[in-house]
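In case you want the letters, here they are:
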Amino acid sequence: MIGLISATAAGAAARDRLAAAWPDRTRVYDGPVGDAVRSAFAECGQLVCFLATGAVVRLIAPLLGEKTADPGVVCVDEGGRFAVSLVGGHAGGANELAREVGEVLAARPVVTTATDSVGLPGLDTLGFPVEGSVATVSRALLDGEPVALRTELTWPLPPLPLAGEGAYTVRLTDRAVEPAEREVLLRPPSLVVGVGASKGAPVDEVLTLVEEALRDAGLSPRSIAELATVDAKAEEPGIVEAAARLGVPLVTYAAEELAAVAVPNPSDAPLTAVGTPSVAEAAALVRGGELLVPKRKSAPADGRPAMATCAVVRRLARGRLAVVGLGPGARDLLTPRAKAELRRASVLVGLDQYVDQIRDLLRPGTRVLESGLGAEEERARTAVAEARAGHAVALIGSGDAGVYAMASPALAEASDDIDVVGVPGVTAALAAGAILGAPLGHDHVSISLSDLHTPWEVIERRVRAAAEADIVVTFYNPRSRGRDWQLPKALAILAEHREPTTPVGVVRNASRPDESSRVTTLGALDPAWVDMMTVVTVGNTATRNIAGRMVTPRGYRWQESVPEGAE
């Protein structure tokens, strides 16, 4: 919960805007400011104070304890111009909260955390439990000192400017080791602990069994991703409480699914009790991985029969491929989700000219694999291969990556051994449509006139179908130096079914600094106006030119009276 505190009418107005935007995330604290801050600090995970930073510093100073436990605090000035991350930038989430508040209130986020200021992710913000000399190694990164990365297992990491050798080390491991003096340990969620238990098994017996199994195998409990068991034990108190104390989710599977898993130590007892010859081993192995600790039973100190079993599996990391649409080129049409994926990826794959568009958004340490025109399939194979190697990869394309772009070849190459995320982008047709007016107000279709990959006979058949169906058409790749006859042919086909006065929009470099556009007619369009940086939108029989804008009505019937100014 986010506590909101204000002292003035202007602060209360901004506070109320934030509360209205986040009704389920926020709580307003009224009354004397000092009392409100103390109450919110004790009860909330984060605070937004619409007060001067000096006043907030004085109010929270006596309340501060451990940086890992204190709430994140953001200050918003009286004029609503700045959202300042004051306390708990990383651990308390104040840096990200400042950015979110800035988006809602149109305020500029102010983040002074050293790593964030230079575009480096904090070592304690990577999503992994972290141990060791975080401040010392972070300072080395900031100072440009060589920091070595030691990975004992493959796991998709965000970009970090790490070297092969160095006096400082970042070590990725799930082993129960202590960090060296100049070392940070990152604990990936690589371990799955399968658990079985008799009815009424005490939580302490389950926990002791798990802890001993990990200790004997030299594994860190901080790398446990989940406890896993059979559906029949989903509400077994000892297992549920053990997961809660470990701070990990409890995942359950149907007995039929577990029964199909090959295990080294099946047993008749669980088969009779819950319908599968294995619970602990099968639940740990059901999603694959390496069995590190075979089934072992608890050993109660009082000599009672064992009531719990467990097994430990190291689940192999899945690489991650984000297929990202960059939009038509304007920075303000690049979505926040696309920006986040670009900053998350440790490997970026893309066409060189698209890489240049967003190079400044990449974090230090991002490995860039760029190539020129005509290498789409090679880029797709490269991106998938990097993801299969366990990396976090972003494959970029213009517009929407799924529309005449990189998603199709990449997903044709990928299998289910990697995670794939699609990030939509603003397409050229949508960007051009917004410039032209509202030409896509009803059914519409996009057709590429490039016959490099599609035979012209197929393209022509599609153009004729759109013409006969009276659908608005946007032509991609309409004309190049080597392909100058396809657009006139396509326009001639449309002209068989539409009047010469049908509105046509021509937009070049939509949303870019050298953007140009015009609204003309099917009869007046000169193909010489068009090149590969252009999209051409041809209206249907209902499309009208109204005040110089293309408008296609939403309904099936056009207004009986044509508005003044329409042609």
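Scroll up a little and you will see the structure.
Computed from a prediction, not measured in an experiment: that's the story for all the values here.

Visitor: How would you explain the overall build of the protein if you had to name every residue and give the values?
Guide: On a plain count of helices and strands, the protein comes out with 18 helices and 28 strands. With respect to the three principal axes, the spread of C-alpha positions in the protein is 95 × 65 × 55 Å. Relative to its 567 residues, the protein shows a buried fraction of 47%. Mean positive and mean negative side-chain charge positions of the protein (56 and 70 charges, respectively) differ by 2 Å.

Visitor: Describe the sheet that holds strand E11 (residues 191–197), naming the residues involved and giving the relevant values.
Guide: In spatial order, the strands read E13-E12-E11-E15-E14; together these five strands make up an open sheet with mixed pairing. Single-partner strands in this sheet number two, and they are strand E13 (250–253) and strand E14 (290–297). Within this sheet the neighbouring strands show an average axis-to-axis angle of 25°, counted without direction. As judged from the seven bridges shared by E11 and strand E15 (residues 308–314), these two strands associate in the antiparallel manner. In the sheet register, Val 195 faces E15, and the bridge partner there is Cys 310. Against the sheet, helix H7 (residues 203–217) contacts E11, strand E12 (224–230), E14 and E15, and its axis sits at roughly 40° relative to E15. Together, E11, E12 and E13 form the strand contacts of helix H8 (residues 237–246), whose direction differs from that of E12 by roughly 175°.

Visitor: Can you tell me about the pattern of salt bridges, naming the residues and giving the values?
Guide: Enumeration over the complete set of coordinates arrives at 34 salt bridges. The residue Asp 77 makes a salt bridge to Arg 81 at a minimum N-O spacing of 3.4 Å. Residue Arg 318 pairs with Asp 419 through a salt bridge whose shortest N-O separation is 2.7 Å. Taken together, the positions of Arg 318 in the loop between E15 and strand E16 (320–325) and Asp 419 in strand E20 (residues 419–423) put the pair 101 residues apart, joining distant regions of the chain. The class of Asp 419 is partly exposed, set by a relative accessible area of 34%. What you see here is one network of salt bridges that share partners, running through Arg 15, Asp 16 and Asp 30.

Visitor: Describe the packing of aromatic side chains, naming the residues involved and giving the relevant values.
Guide: A complete count under the given rule lists two aromatic pairs for this structure. Both rings, one in Trp 456 and one in Trp 485, keep their centres 5.0 Å apart while their planes meet at 70°; by these two values the pair is edge-to-face. One end of the pair, Trp 456, is in helix H17 (residues 456–468); the other, Trp 485, is in the loop between strand E23 (472–476) and helix H18 (486–495), and 29 residues separate them in sequence. The class for Trp 456 is buried, based on a relative accessible area of 11%. The exposure class of Trp 485 is partly exposed, given its relative accessible area of 43%. When the ring centre of Trp 22 is taken as origin, the NZ or CZ atom of Arg 25, which lies over that ring, is 4.3 Å away. The positively charged end of Arg 518 is found above the aromatic ring belonging to Trp 529, 3.8 Å away from the centroid.

Visitor: Which residues make up unusual backbone geometry, and what values do they have?
Guide: Phi at Asp 470 is positive, roughly 60°, even though this residue is not glycine. With respect to the element layout, Asp 470 can be found in the loop between H17 and E23. On the accessibility criterion, Asp 470 (26% relative accessible area) is partly exposed.

Visitor: Explain the nonpolar core to me, using residue names and the numbers behind them.
Guide: Core analysis: the largest hydrophobic core is formed by 24 residues, its most contacted members being Val 193, Val 195, Leu 214, Leu 227 and Val 312. Among the secondary structure elements, those contributing two or more residues to this core are E11, H7, E12, H8 and E15. It is H7 that contributes the most residues to this core, seven residues altogether. Val 312 has contacts with Leu 191, Val 192, Val 193, Leu 214, Leu 219, Glu 290, Leu 291, Leu 292 and Val 293, leaving out every residue within four places of it along the chain. Judged by nonpolar contacts, the second largest core, of 21 residues, contains Trp 456, Leu 491, Leu 494 and Val 536.

Visitor: How would you summarise the sheet that holds strand E25 (residues 516–521) if you had to cite specific residues and measurements?
Guide: Pairing is mixed across the open sheet formed by five strands, whose spatial order is E22-E23-E26-E24-E25. Looking at strand neighbours, the two that pair on one side only are strand E22 (444–448) and E25, the edges of this open sheet. Shown here is a sheet whose adjacent strand axes are inclined to one another by a mean of 20°, direction ignored. Relative to strand E26 (residues 534–538), E23 runs antiparallel, the two sharing three bridges. Each bridged residue has a counterpart across the sheet, and for Thr 474 the counterpart in E26 is Thr 537. Contacts from helix H16 (residues 428–436) reach E22, E23, strand E24 (503–508), E25 and E26 within the one sheet, and its direction differs from that of E24 by about 115°. Contacts from H17 reach E22 and E23, with the element oriented near 160° to E22.

Visitor: Mind laying out the environment of Ala 542, listing which residues take part and the relevant values?
Guide: Position of Ala 542 relative to the elements: it lies in the loop between E26 and strand E27 (544–546). Residue classification places Ala 542 among the buried positions, given a relative accessible area of 19%. C-alpha separation for the pair Ala 542 and Gly 555, spaced 13 residues apart in sequence, amounts to 9.7 Å.

Visitor: Describe in detail H16, supporting the description with residues and values.
Guide: Residues of H16 that are buried include every one of Ala 429, Ala 431, Ala 432, Gly 433 and Leu 436, and no others. The positive-phi residue at the C-terminal boundary of H16 is Gly 437, with phi of around 135°.

Visitor: Give me the packing of H17 against H18: which residues, what numbers.
Guide: The N-to-C vectors of H17 and H18 enclose an angle of 30°; their axes lie 9 Å apart at closest approach. By the angle between their directions, the pair H17 and H18 is classed as roughly parallel. Regarding H17 and H18, the two cross each other, and that crossing is right-handed. Between H17 and H18, the residues in contact are Trp 456, Glu 460, Val 463, Arg 464 and Ala 467 and Gln 486, Lys 489, Ala 490, Ile 493 and Leu 494, respectively. Of the residues contributing to the contact of H17 with H18, the split by class is six nonpolar, one polar and three charged.

Visitor: An account of helix H14 (residues 376–388) is needed here, citing residue identities and associated values.
Guide: For H14, spanning 13 residues, the distance from its first C-alpha to its last is 18 Å, which sits close to the expected 18 Å at 1.5 Å a residue. All buried positions along H14 are accounted for by Arg 379, Ala 380, Ala 383, Val 384, Glu 386 and Ala 387. Take H14 and look down its axis: the buried residues cluster within an arc of 160°, on one side only. As for H14, its buried residues are in contact with E16, strand E17 (347–351), strand E18 (367–371), strand E19 (392–397) and helix H15 (407–413). A positive phi of about 95° marks Gly 390, the residue just after H14.

Rules and cut-offs
- Residues numbered from 1 in each chain as written.
- Predicted model: local features only at pLDDT ≥ 70, side-chain atom pairs only at ≥ 80, totals over all residues.
- Heavy atoms only, no water.
- Helix = DSSP H or I, 4+ residues; strand = E, 2+ residues; numbered from the N terminus.
- Buried < 20%, exposed > 50% of the residue type's maximum accessible area, 1.4 Å probe, protein only.
- Lys, Arg positive; Asp, Glu negative; His and termini not counted.
- Charge placed at Lys NZ, Arg CZ, Asp CG, Glu CD.
- Pairing = 2+ DSSP bridges.
- Axes fitted to C-alpha atoms, helices over the stretch in contact; angles between N-to-C directions.
- Contact = heavy atoms within 4.5 Å.
- Salt bridge = Lys/Arg side-chain N within 4 Å of Asp/Glu carboxyl O.
- Phe/Tyr/Trp six-rings, centres within 6.5 Å; stacked < 30°, edge-to-face > 60°.
- Lys NZ or Arg CZ within 6 Å of the ring centre and 35° of its normal.
- Core = buried A, V, L, I, M, F, W, Y, C linked by side-chain atoms within 4.5 Å.
- Parallel < 35°, antiparallel > 145°, perpendicular 65-115°, else oblique.
- Left-handed = near helix turned anticlockwise from the far one by under 90°.
- Nonpolar A, V, L, I, M, F, W, Y, C, P; charged D, E, K, R; others polar.
- Expected span 1.5 Å × (residues − 1).
- Arc of directions from axis to C-beta.

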